[in-house]
Every structure is written in structure tokens, then in C-alpha cells.
Amino acid sequence: MTFPVTRMRRLRATPGLRKLVRETDLSPASFIEPFFVVPGENRREPVSSMPGVAQLSIDRLVEECGVSFRMGIPAVLLFGIPATKDALGSESYDESGIIARAVTAVKESHPDLVVITDVCMCEYTDHGHCGIIKEGRVDNDATLELLARQAVAHARAGADIVAPSDMMDGRVAAIRAALDEAHFTDLPILSYAAKFASAFYGPFREAAESAPQFGDRLSYQMDPANAREALREVALDIGEGADLVMVKPALSYLDVIRAVSDRFDVPVWAYNVSGEFSMVHAAAERGWIDGDRVAAEMLLSIRRAGADRIITYFARAACGWFS
Ligand code: PBG
């Protein structure tokens, strides 16, 4: 049937009709909000490259998590910035380290908020790499043991989900085994399964103080040119026991999100990363785009591509756009 019988504009005529034929739904429950935790008290240190985002001390973090939870955001993702960094990133698996204390405090005040912890070395190592350095290289197998210890420390502190983001081979299996041995058999793993070596992480590295001090992350994170390889990464992580998988970044990888969600039956999440957030703000500040509408459109595209949930710094603002 063609024009004039078919008129596509019929179903676009009123807000009510448009709402009824909307294919893609988002709501506050679709979003996970990331937070950066720093030592100290009553601290709120704005991240200059991420408008509205700040490093928070634990007391302020607990307050902010409460605000988000009341808005309907079901989960937060926590990144810890330690008081001191060293070659082994030892505060990352310290049971009284920054992230362990933060998790315990947040869960105490907001037991129903799902607390996810990022499991990685880069915020904790003085060299800023996501693993341990041996002979100038990130040593895969030596790193696994520390990641596993870190995950167990987060679990003991009360984390609901642990999320390894380091991209070492075999980390999901190592973490699963360590969690099981410590009797956390029911604690899920959210794997940053397809994580690309992306320039879109730039502002995050200011927020998390985690820029590599030499070299780059190309020997462990994925080449942005590769989509088939992403499917192998996801399959391996599921095979090792990942309960949920993530594609990261989101916007330049919508094809990967689509392929992963078509092919696998686990929940697929996408990380709308720092650079994707900051560039919207930068252009909006210049008056070049309507930042809110552009961001809402981006989030819809990520959902439309097949992401079940979206980790995003727009989470709170988006609650207003998609309530
Ligand atoms: C840690 C980690 C990074 C991000 C999340 N976890 C940075 C990196 O790999 O350099 C980036 C998140 C963002 O840009 O918002 N490995």
C-alpha cells in the first residue's frame, strides 16, 4: 500500500499518538550512575572536564547515592581514588581501602540501592596501567591474582555486583573462582567484555586520576576497528562465568551492541563514557547544540541498538527526560 492510502504522518499527528507508537522505552530504571570516591570528609571536587561530575568523599557519596535512588536510579557504579598509589595498586584490595569503606557506608544507608564496583588496577597503580608491570609490560597472569583479591575485598565490603574493567585474559574465571572460594557464590560479575582502547575515556582519566604514565592501553584494550573480535571477547567472558556483559564505549560501537545483544542471552549493558558526555556539554556551552536533546537522542540510540541498561553520567538528567 502506498500514498495516498498510506500516510506515515497519521501516527505522528499528536503527542498521544506518538507516545503510543514509540518503539524504544527508557526510564530511570534504565540507568546506572557512576561515582568517584576520594578520601577525606565533606569533599566535593568538581571534575573540570565533566560538568556536574565531582569526586566525592564517602559522606557526600552516601548523600548523593540517596538522591539518585530516590529519583528511581536502581544502581551506582563506584570508582575509588586511593590516598596513595604504588606499583601493585595495593589499596585496591585493602579491606579498609577507599572503595571497601565507600561500599559499606552506601549499603548501610541505602540497602536497596544496587552497588557495583569497578574492579581494575589503574586508579591504584602509580604507573596508571590496569595491571602489574613486569619488564616494561603489563603482566597478564600476575595481575589476575590481584584482581581476584580486589573483587573479594569488594564482596566482603558488601558490593552487589563486581565489574572487572581491566581487559586481562582470564580475569572473569579468576574472579569467579576467588569469589566462590570465599563463599560469594551468588555474587554476579558484570564483565566489561568488549572494552575498546578509546580516546573517549579522556575526561574519566582526570576524574579517576588514572592516566597511564607511559605508553598506552593498546596491548590489553581492543582495537576500535574490530567488531568480530568483540564477539569472541564476549563469548569467552560468558564461558568464564560473566553474568552480565558490557560494551564500552557506546556511541561509536552501536554495531557491536547490536551484534552482542542479537547473539547472546545474557543482559547486555553499555557504558556511555566520559568523552561522550563531555563533548555534548562542550558543544552545548557554545550554543552549538541543544545538549539535553542531543543527550536524550544518544541514550535512545544506545537502547535502540540493544543495550538493556546504560551506565551514564547523564543518569540524573535523563530521569527528567524519560520519566
Ligand atoms: C578503568 C576504567 C576506565 C573507564 C572505566 N573504567 C578508563 C580506562 O580504561 O582508561 C572509562 C570510563 C569513562 O570514560 O567514563 N580501567
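Notes on the structure in this doc start here.

### Considerations on the overall build of the protein chain
Thought 1: The number of helices and strands found in the protein chain is eleven helices and twelve strands.
Thought 2: What you see for the protein chain is a C-alpha radius of gyration of 20 Å, in line with the 20 Å of a compact globule of 323 residues.
Thought 3: If you line up the protein chain on its principal axes, its C-alpha atoms span 70 × 45 × 40 Å.
Thought 4: Taken across its 323 residues, the protein chain has 53% of its residues classed as buried.
Thought 5: Working note: accessible area of the protein chain is about 14,600 Å², and carbon and sulfur atoms make up 51% of it.
Thought 6: Of the charged side chains in the protein chain, 34 are positive and 45 negative; the average position of the first set lies 10 Å away from that of the second.

### Considerations on helix α3 (residues 98–109)
Residues three or four positions apart in an α-helix share a direction because the helix packs 3.6 residues into each turn.
Thought 1: Under the 1.5 Å per step criterion, the end-to-end length of α3 is 17 Å for twelve residues, consistent within 8% with the ideal 16 Å.
Thought 2: All buried positions along α3 are accounted for by Ile98, Ile99, Ala100, Ala102, Val103, Val106 and Lys107.
Thought 3: On its buried side, α3 packs onto β1 (31–38), α2 (58–71), β4 (75–80), β5 (114–119) and α4 (140–157).

### Here's the deal with the pairing of strand β10 (residues 244–248)
Thought 1: By the criterion of burial, β10 is predominantly enclosed, with five of the five residues buried.
Thought 2: The two faces of β10 match: Leu244, Met246 and Lys248 on one face and Val245 and Val247 on the other face are all buried.
Thought 3: Note: strand β9 (residues 190–195) against β10, four bridges, orientation parallel. The residue of β10 that forms the bridge with Ser191 is Val245.
Thought 4: When β10 meets strand β11 (residues 268–272), the two strands line up parallel, connected through three bridges. The residue of β11 that forms the bridge with Val247 is Ala270.
Thought 5: Remark: the β10/helix α8 (residues 254–263)/β11 crossover connection has right-handed handedness.

### A few points about the packing of aromatic side chains
Remark: the centre distance and the inter-plane angle together describe each pair of aromatic rings, the angle taken between the planes.
Thought 1: With the rule as written, the count across this model stands at eleven aromatic pairs.
Thought 2: Ring centres of Phe277 and Phe314 lie 4.8 Å apart, and the angle between their planes is 55°; this geometry places the pair in the tilted category. In this pair, Phe277 sits in helix α9 (residues 274–285) while Phe314 sits in the loop between β12 (309–312) and α11 (315–321), placing the two residues 37 residues apart along the sequence. Each member of the pair, Phe277 as well as Phe314, is classed as buried.
Thought 3: Ring pairs connect the aromatic residues Phe36, Phe79, Tyr192, Phe204, Tyr271, Phe277, Tyr313, Phe314 and Trp321, which therefore count as one cluster.
Thought 4: Looking at Lys195, its charged tip hangs above the ring of Tyr201, at a distance of 5.5 Å from the centre.
Thought 5: Over the face of the ring belonging to Tyr201 we find Lys248, whose NZ or CZ atom lies 4.4 Å from the ring centre.

### Details of helix α7 (residues 228–240)
Thought 1: Here α7 spans 19 Å end to end across 13 residues, near enough to the 18 Å set by a 1.5 Å rise per residue.
Thought 2: Taken together, the buried positions of α7 are occupied by Ala230, Leu231, Glu233, Val234 and Asp237. Buried residues in α7, looked at end-on, bunch into an arc of 160°, giving them a common side. Along α7, exposed side chains directed more than 90 degrees from the buried face belong to Arg228, Arg232 and Gly239.
Thought 3: Those residues of α7 that are buried lie in contact with α5 (171–181), β9, β10 and α8.
Thought 4: Immediately downstream of α7, the backbone of Gly241 shows phi near 115°, a positive value.

### Observations regarding the site of the ligand
Thought 1: Within the structure, the ligand sits among 18 residues, and Lys195, Arg205, Lys248, Ser274 and Tyr313 are positioned closest to it.
Thought 2: Residue Ser274 places a side-chain N or O atom 2.7 Å away from an oxygen atom belonging to the ligand.
Thought 3: Between Tyr313 and the ligand, the recorded distance is 2.6 Å, taken from a side-chain N or O atom to an oxygen atom.
Thought 4: Calculation on the ligand without its partners gives an accessible area of 400 Å², and the protein chains cover 100% of this total.
Thought 5: Of the residues that constitute the shell around the ligand, the class distribution is ten nonpolar, three polar and five charged.

### A few points about the pattern of salt bridges
Thought 1: Following the criterion strictly, the structure yields ten salt bridges and no others.
Thought 2: Two residues, Lys107 and Asp160, come together in a salt bridge whose shortest N-O distance is 2.7 Å. Of the two residues, Lys107 sits in helix α3 while Asp160 sits in the loop between α4 and β8 (161–164), which places them 53 residues apart along the sequence.
Thought 3: The exposure class of Lys107 is buried, given its relative accessible area of 17%.
Thought 4: Linking Asp166 and Arg171 is a salt bridge whose minimum nitrogen-to-oxygen distance equals 3.2 Å.
Thought 5: Salt bridges sharing partners connect three or more residues here, namely Glu33, Glu64 and Arg316.

### Regarding the nonpolar core
Thought 1: Membership of the largest hydrophobic core comes to 90 residues, with the highest contact counts inside it found for Phe36, Leu77, Ile116, Leu179, Val260, Tyr271 and Leu299.
Thought 2: The dominant element in this core, judged by the number of residues it contributes, is α4, at seven residues.
Thought 3: Those residues within four positions of Leu299 in sequence are excluded, and the remaining contacts are Leu26, Phe31, Asn272, Ile310, Thr312, Phe314, Ala318, Trp321 and Phe322.
Thought 4: Counting 21 residues, the second largest nonpolar core, distinct from the first, contains Phe35, Val62, Ala100 and Tyr124.

About the thresholds
Residues numbered from 1 in each chain as written. Predicted model: local features only at pLDDT ≥ 70, side-chain atom pairs only at ≥ 80, totals over all residues. Heavy atoms only, no water. Helix = DSSP H or I, 4+ residues; strand = E, 2+ residues; numbered from the N terminus. Rg over C-alpha atoms; globule rule 2.2 N^0.38 Å. Buried < 20%, exposed > 50% of the residue type's maximum accessible area, 1.4 Å probe, protein only. Areas by Shrake-Rupley, 256 points an atom, 1.4 Å probe, with all protein chains shown as cover. Lys, Arg positive; Asp, Glu negative; His and termini not counted. Charge placed at Lys NZ, Arg CZ, Asp CG, Glu CD. Expected span 1.5 Å × (residues − 1). Contact = heavy atoms within 4.5 Å. Pairing = 2+ DSSP bridges. Right-handed = clockwise from strand over helix to strand, strands pointing away. Phe/Tyr/Trp six-rings, centres within 6.5 Å; stacked < 30°, edge-to-face > 60°. Lys NZ or Arg CZ within 6 Å of the ring centre and 35° of its normal. Arc of directions from axis to C-beta. Near = heavy atom within 4 Å. Polar contact = N/O pair within 3.5 Å; in protein donor to acceptor, adjacent residues only side chain to side chain. Nonpolar A, V, L, I, M, F, W, Y, C, P; charged D, E, K, R; others polar. Salt bridge = Lys/Arg side-chain N within 4 Å of Asp/Glu carboxyl O. Core = buried A, V, L, I, M, F, W, Y, C linked by side-chain atoms within 4.5 Å.

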